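Descriptive analysis of the structure
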Amino acid sequence: CKTYAFIGLPCFTRFIKNKKSKYSNIKLTISLLCNQAPSCSFKKHLLKDNDVKEKELEGIDYRSGKHPGRIQLFYNNGNNKILDGGFPEYWRKYNYEYKFAPKCCLKCNLYEGLESDISAGDPWPLPKYNKPEGWTKLLVRNNYAMNLIHQAHCENYIYYEEDDSQTMPKSDFIRKQKFV
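Read on for an overview of the structure. (Residues numbered from 1 in each chain as written. Predicted model: local features only at pLDDT ≥ 70, side-chain atom pairs only at ≥ 80, totals over all residues. Heavy atoms only, no water.)

Some points on the overall build of the protein chain
Selection criterion: Segments assigned H or I by DSSP are reported as helices when at least four residues long, segments assigned E as strands when at least two residues long, and all are numbered from the N terminus. Two residues form a contact once any of their heavy atoms are found within 4.5 Å. Residue exposure ignores everything except the shown protein chains as possible cover, and the areas themselves are Shrake-Rupley values with a 1.4 Å probe.
Looking only at helices and strands, the protein chain features four helices and seven strands. Ordered by position from N to C terminus, the α and β elements of the protein chain give β-α-β-α-β-β-β-α-β-β-α. Taking the contacts inside the protein chain whose residues are at least 6 apart along the sequence as the reference set, 50% of them involve residues at least 24 apart. For the protein chain, the computed accessible surface area is about 12,500 Å², with 53% contributed by carbon and sulfur atoms.

Some points on helix H4 (residues 143–154)
Put simply, the rule reads: By this rule the span expected of a helix is its residue count minus one, scaled by 1.5 Å. Identification of polar contacts relies on pairs of N or O atoms within 3.5 Å, with a donor-acceptor requirement for protein atoms, meaning one able to donate a hydrogen and the other able to accept it, and with residues adjacent in sequence counted only if both atoms are side-chain atoms.
The end-to-end C-alpha distance of H4, which contains twelve residues, comes to 16 Å, matching closely the 16 Å that a straight helix rising 1.5 Å per residue would cover. In the core, the buried residues of H4 are packed alongside strand E2 (26–32), strand E6 (118–121) and strand E7 (137–140). One side-chain oxygen of the residue at the start of H4 lies 3.3 Å from the amide nitrogen of Tyr144, identifying that residue as Asn142. Asn156 lies just past H4 and shows a positive phi near 60°.

Brief notes about unusual backbone geometry
The test is simple: Relative accessibility decides the category of a residue: with a 1.4 Å probe and only protein chains considered, values under 20% of the type maximum give buried, values over 50% give exposed, and everything between is partly exposed.
For Asp51, which is not glycine, the phi dihedral falls at a positive 55°. Among the structural elements, Asp51 can be located in the loop between helix H2 (40–49) and strand E3 (57–64). By relative accessible area, Asp51 is classed as exposed at 66%. Here the phi dihedral of Asn156 falls at roughly 60°; this positive angle occurs in a residue that is not glycine. Within the fold, Asn156 resides in the segment after H4. With relative accessibility at 70%, the residue Asn156 sits in the exposed group.

Side note on the pattern of salt bridges
Oppositely charged side chains can form a pair if their charged atoms are brought close together. To keep it simple, the criterion reads: What makes a salt bridge here is a side-chain nitrogen of Lys or Arg within 4 Å of a carboxyl oxygen of Asp or Glu, nothing more.
Counted according to the given criterion, the structure contains three salt bridges. Residue Glu115 pairs with Arg14 through a salt bridge whose shortest N-O separation is 2.7 Å. You can see Glu115 sitting in the loop between helix H3 (87–94) and E6 and its partner Arg14 sitting in helix H1 (residues 10–18), a full 101 residues away along the chain. A salt bridge links Glu54 to Lys43, with the nearest nitrogen and oxygen atoms 2.7 Å apart. Of this pair, Glu54 sits in the loop between H2 and E3 while Lys43 sits in helix H2, and the two are eleven residues apart along the sequence.

Brief notes about H2
What counts here: Picture the helix axis, draw a direction to every C-beta atom, and the arc is the one those directions span.
Every buried residue of H2 is accounted for by Phe42, Leu46 and Leu47. All buried residues of H2 lie within an arc of 125° about the axis, which places them on one face of the element. Residues of H2 that are exposed and point over 90 degrees away from its buried face: Cys40, Lys44 and Lys48. Looking at the residues trailing H2, positive phi occurs at Asp51, about 55°.

A look at the environment of Leu32
Counting through the fold element by element, Leu32 comes out in strand E2. Residue classification places Leu32 among the partly exposed residues on the basis of a relative accessible area of 37%. Considering only alpha carbons, one finds Leu32 and Asp122, 90 residues apart in sequence, at a separation of 9.0 Å. Here Leu32 is in contact with Ile7, Gly8, Leu9, Pro10, Tyr111 and Ala120, once residues within four sequence places are set aside.

This is the structure we're talking about:
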């Protein structure tokens, strides 16, 4: 029987964890940090404001480049365009009163995916965690996941530095984990 790792938003991870018997071949869940995903109407508004037709695009990178990321458009003809302002500015501009957040996200408190084995993402709202490009925040919640991270580190796939309670911000979402 093959085993898998599942990577998704915190709400997807919760679904997988609640259906353990159906998804017993998933041995590791990795949740991406989430602060309400932009809806399709966000994208349409963004493109309209910048006079871009969706059929001209090959793709959009909402967080391209260094922190805090800029919105980059990839055109079918091979040209790219970086929009003025970073993703946070556009998100604030277009998402006032959460106008462009999917309705299910408005009641969500799963930001850091506490039910996943590992949560990963860029903590861009926390300026003291701005690190050089290539760094991300990992929250590891059990021995199995920590052993995988440690093994990847020992085999030079990743480099990590542990954070302690002196530098970790106090929040309702972040709790120091003790592995048993």
